[in-house]
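Coordinates in review
Listed here are the chains, written in short residue letters.
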Amino acid sequence: MAIIETEATLHEAHRDNHTHRDVNGGWLRPAVFGAMDGLVSNLALMTGVAGGTASQQTVVISGLAGLAAGAFSMAAGEYTSVASQRELVEAELDVERRELCKHPADEEAELAALYEARGVEPELAREVARQLSSDPEQALEIHAREELGIDPSDLPSPTVAAVSSFGSFALGALLPVLPFLLGASALWPAVLLALAGLFLCGAVVAKVTARSWWYSGLRQLALGGAAAGVTYLLGSLFGTAVG
């Protein structure tokens, strides 16, 4: 009894310790990258306008316009992209569903061949395929997973994708504007807050990568800072040329 309990304890400990990172990122990855996109694009826009010796009011209006335009653009693009992807998947599922109805024996043999190719003994592969094919919906799910690499019960929602993209982009784009809305009269508080946000986003991204949080944070800070610096320089050059 003691040996069995010890083995069970070791198995439980192994299961608890044997975990993997979320390689798909779940909601975290698109949310963080959406916020990062909003931060970088709006910071670059505002520094470019400020570099052209524009007034504070113009910089703030540009930032708010960039927030709205970018958020709506992200939402529309994400909705269209995810909706198109979902429609393509549903069309392929319909093809597979028709094949299962018209040629059930061929589809069962195809499934057995897939398992054989993965090392399952032929007789066992045929028996597994036979049992799985007895339920049409289960057979469709198995074929979709094996042949298309998708889960029919877990298709992405275009509305959720659009709303999350809109919200995350708007949140990121708001950071460079926020100091001005709170009464700041200079550009540097907006730049500092935006760079701090970029470092934080980069550090959070490390949760779904193998990089350390400080490396990921510094990398994003450097890239965002470079974008802001380049657009400020371009704004200065364009402002001088136009003026």
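Residues numbered from 1 in each chain as written. Predicted model: local features only at pLDDT ≥ 70, side-chain atom pairs only at ≥ 80, totals over all residues. Heavy atoms only, no water.

When helices and strands are tallied, the chain shows 9 helices and 0 strands. Along the chain, from the amino end to the carboxyl end, the secondary structure elements read α-α-α-α-α-α-α-α-α. Across the 243 residues in the chain, those meeting the buried criterion constitute 31%. In the chain, the share of contacts with a sequence separation of at least 24, taken over all contacts with a separation of at least 6, comes to 69%. (Helix = DSSP H or I, 4+ residues; strand = E, 2+ residues; numbered from the N terminus. Buried < 20%, exposed > 50% of the residue type's maximum accessible area, 1.4 Å probe, protein only. Contact = heavy atoms within 4.5 Å.)

Below, the discussion takes up the nonpolar core. With 11 residues, the main nonpolar core is built from Val32, Ala35, Met36, Leu39, Leu43, Ala194, Leu195, Leu198, Cys201, Val205 and Ala228. Counting residues per element, the ones that place at least two in this core are helix H2 (28-51) and helix H8 (188-205). (Core = buried A, V, L, I, M, F, W, Y, C linked by side-chain atoms within 4.5 Å.)

Let us now look at the environment of Ala184. The residue Ala184 is located in the loop between helix H7 (158-181) and H8 in this model. Since its relative accessible area comes to 16%, Ala184 is described here as buried. Residues Ala184 and Gln56, spaced 128 residues apart in sequence, show a C-alpha to C-alpha distance of 9.5 Å. Dropping the residues within four chain positions of it, Ala184 is found in contact with Gln56, Pro179 and Pro189.

This part covers H7. Along its 24 residues, H7 runs 33 Å from first to last C-alpha, staying within 8% of the 34 Å computed at 1.5 Å per residue. At Leu175, H7 shows its maximal kink, close to 50°; a proline, Pro176, follows between one and four residues later. Where H7 terminates, the next one or two residues include Gly183, which has phi positive at roughly 110°. (Expected span 1.5 Å × (residues − 1). Bend = angle between axes of the 7 residues up to and from the residue.)

Let us look at the environment of Phe33. Tracing the chain through its elements places Phe33 in helix H2. Residue Phe33 is classed as partly exposed on the basis of its relative accessible area of 36%. Once the C-alpha coordinates of Phe33 and Gly172 are considered, the two residues, 139 residues apart in sequence, prove to be 9.4 Å apart.

Summed over the entire model, instances satisfying the criterion amount to 3 aromatic pairs. A ring pair is formed by Phe199 and Trp213, whose centres lie 6.1 Å apart and whose planes are at 85°; its orientation type is edge-to-face. Of this pair, Phe199 sits in helix H8 while Trp213 sits in helix H9 (residues 213-242), and the two are 14 residues apart along the sequence. Since its relative accessible area comes to 23%, Phe199 is described here as partly exposed. Between Trp214 and Tyr215, the ring centres sit 6.3 Å apart and the planes meet at 80°, which makes this aromatic pair edge-to-face. For Tyr215, a relative accessible area of 31% gives the class partly exposed. (Phe/Tyr/Trp six-rings, centres within 6.5 Å; stacked < 30°, edge-to-face > 60°.)

With that out of the way, let us pick up the pattern of salt bridges. Enumeration according to the criterion identifies 6 salt bridges in this entry. A salt bridge links Asp151 to Arg145; its shortest N-O distance comes to 3.1 Å. (Salt bridge = Lys/Arg side-chain N within 4 Å of Asp/Glu carboxyl O.)

Moving on, we come to the side chain of Thr47. Tracing the chain through its elements places Thr47 in helix H2. At 3.2 Å, the side chain of Thr47 and the backbone oxygen of Ala228 are in polar contact. With sequence-adjacent residues up to four places away left out, Thr47 is seen in contact with Leu187, Val191, Ala228, Thr231 and Tyr232. (Polar contact = N/O pair within 3.5 Å; in protein donor to acceptor, adjacent residues only side chain to side chain.)

The interhelical angle for the contact between helix H3 (residues 56-102) and helix H6 (residues 136-148), taken along N-to-C directions, is 125°, at an axis separation of 10 Å. By the angle between their axes, H3 is oblique relative to H6. Viewed along their axes, H3 and H6 form a crossing whose handedness is right-handed. Here Glu92, Leu93, Glu96, Arg97 and Leu100 of H3 come into contact with H6, specifically with Pro136, Glu137, Ala139, Leu140, His143, Ala144, Glu147 and Leu148. Of the residues in the contact of H3 with H6, the class split is 7 nonpolar, 1 polar and 5 charged. (Axes fitted to C-alpha atoms, helices over the stretch in contact; angles between N-to-C directions. Parallel < 35°, antiparallel > 145°, perpendicular 65-115°, else oblique. Left-handed = near helix turned anticlockwise from the far one by under 90°. Nonpolar A, V, L, I, M, F, W, Y, C, P; charged D, E, K, R; others polar.)

Moving on, we come to the confidence of the model for the chain. Mean pLDDT for the chain: 85, with 86% of residues reaching 70 or above. Within the chain, helix H1 (residues 2-17) has the poorest average pLDDT of any element, 51, and H7 the best, 94. Low pLDDT, under 50, characterises residues 22-26; the predicted model gives this stretch 3 contacts beyond four residues in sequence or across chains. (pLDDT = per-residue confidence, 0-100.)

Moving on to the packing of H7 against H8. The N-to-C vectors of H7 and H8 enclose an angle of 145°; their axes lie 8 Å apart at closest approach. In the crossing of H7 with H8, the sense of the turn from one axis to the other is right-handed. Where H7 abuts H8, its residues Leu175, Pro176, Leu178, Pro179 and Phe180 lie against Pro189, Ala190, Leu193, Ala194 and Gly197. Across the contact of H7 with H8, the residue classes break down as 9 nonpolar, 1 polar and no charged.

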